[in-house]
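In case you want the letters, here they are:
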Amino acid sequence: MLRPGKNHGGYHGETIDIRAVLREVETAAQRHGWTSEVFHERSELKLLALHRLPLSTLNSKPSTRTYISAGIHGDEPAGPLAALRLLQENHWPDAAEIFLLPCLNPIGFTLNSRANAENTDLNRDYRNSKTKEILAHIAWLERQPKFDLYLCLHEDWESHGFYLYEQNPDQQPSLAEKIIAAVEKVCPIDLSESIEGRPAQNGIVRPNISPQERPDWPEALYLISHKSRQGYTLEAPSDFPLATRVNALVAAVNAAVWMDG
Ligand SMILES: [Zn+2]
């Protein structure tokens, strides 16, 4: 697969019109009967939480709750585009209850910046939170039930392919290998033995993190500490075409939510 390799010292790839993407997100959510909540708004840029209830059928399986977030880093356009595609396709197991936050940092996308307008990396603000965006996000999270699974959609401009971080402290059956198997059909996997300074194997990083020892929490550490006992941070490689990265994230989410269906 062609690797354009445009990214040196940061992301220099395609950008998106986040206002247009969010309008399409709202249209698709409405069309498919999802509820939509605005939990924060600034400069007419909304932080949206979309919710799909499981379909109740006779003899239906117990529902599973999955939380999916994207767009916390404004220079990672594949996440919000993957969220939009997932909504437009609207292909979920009947028993799936889905909470989808399609873009946590819309202002960042208007600036093509990882950070927000005050130059804060929102994905380091989940402990002793200070930013309005994350205070609003945590207030929303506190109103939600616990999730069986979380998926955080990201890109990495330095990686050689797709990879993921797994948090699974109770050693539940891992979804990591299944996610990688689905993604490798559409996007190269980063096979490095070390990714971001942590040991990796076949695109899977299982960091041994004790949240209490970390001063700055990313979203995933908040989720694993308060809302869920299993989850994946999905990293699409920014050095590959945007369509490939979107395909990778969509394939990863589908693999995870269709795990037992
Ligand atoms: Zn990111």
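Relevant structure appears above.
Summarised in this report is the structure supplied together with it. Everything numeric in this text was worked out from a predicted model, so none of it was measured.

Considerations on the pairing of strand S10 (residues 231-237)
- Of all seven residues making up S10, seven are buried, and the element is well covered by its neighbours.
- Bridge analysis of strand S5 (residues 149-156) against S10 gives seven bridges, and the strand direction is parallel. Each residue of the ladder has a partner; that of Tyr150, found in S10, is Gly231.
- Note: strand S6 (residues 163-167) against S10, five bridges, orientation antiparallel. Paired with Leu164 across the strands is Leu234, a residue of S10.

Quick notes on the side chain of Gln230
- Within the secondary structure layout, Gln230 lies in the loop between helix H6 (219-226) and S10.
- With residues up to four places along the chain from it excluded, the contact list for Gln230 reads Asp148, Leu149, Tyr150, Glu166, Gln167, Asn168, Gln172, Pro173, Ser174, Leu175 and Ile224.

Considerations on the pattern of salt bridges
- Taken as a whole and judged by the stated rule, the model has twelve salt bridges.
- The partner of Glu26 in a salt bridge is Lys46, with the nearest N and O atoms 3.5 Å apart. You can see Glu26 sitting in helix H1 (residues 18-31) and its partner Lys46 sitting in strand S2 (residues 45-52), a full 20 residues away along the chain.
- Classification of Glu26 by relative accessible area gives partly exposed; the value is 26%.
- By relative accessible area, Lys46 is classed as partly exposed at 27%.
- Connected through shared salt-bridge partners, Glu14, Glu155 and Arg245 make up one network.

What about the coordination of the zinc ion?
- Around the zinc ion, the protein supplies His73 (ND1), Glu76 (OE), Glu76 (OE) and His154 (ND1) as donor atoms, at distances of 2.1 to 2.3 Å.
- Between the four donor atoms coordinating the zinc ion, the angles at the centre fall across 58 to 153°, so the site counts as irregular.
- Taken in chain order, the donor set of the zinc ion reads H-x2-E-x77-H. In this pair, Glu76 sits in the loop between strand S3 (64-70) and helix H2 (78-89) while His154 sits in strand S5, placing the two residues 78 residues apart along the sequence.
- Classification of His154 as buried rests on a relative accessible area of 5%.

Quick look at unusual backbone geometry
- Even without being a glycine, Asn90 presents a positive backbone phi close to 50°.
- For Asn90, the location among the structural elements is in the loop between H2 and strand S4 (96-101).
- The backbone of Asn112 shows a phi angle near 45°, a positive value even though the residue is not glycine.
- If you trace the backbone, Asn112 turns up in the loop between helix H3 (106-111) and helix H4 (132-142).

Reading the values: the criteria
- Residues numbered from 1 in each chain as written.
- Predicted model: local features only at pLDDT ≥ 70, side-chain atom pairs only at ≥ 80, totals over all residues.
- Heavy atoms only, no water.
- Buried < 20%, exposed > 50% of the residue type's maximum accessible area, 1.4 Å probe, protein only.
- Helix = DSSP H or I, 4+ residues; strand = E, 2+ residues; numbered from the N terminus.
- Pairing = 2+ DSSP bridges.
- Contact = heavy atoms within 4.5 Å.
- Salt bridge = Lys/Arg side-chain N within 4 Å of Asp/Glu carboxyl O.
- Donors = N, O, S within 2.8 Å, 3.2 Å for Na, K, Ca; no water.
- Tetrahedral: all angles 85-135°; square planar, octahedral: opposite > 155°, others 65-115°.

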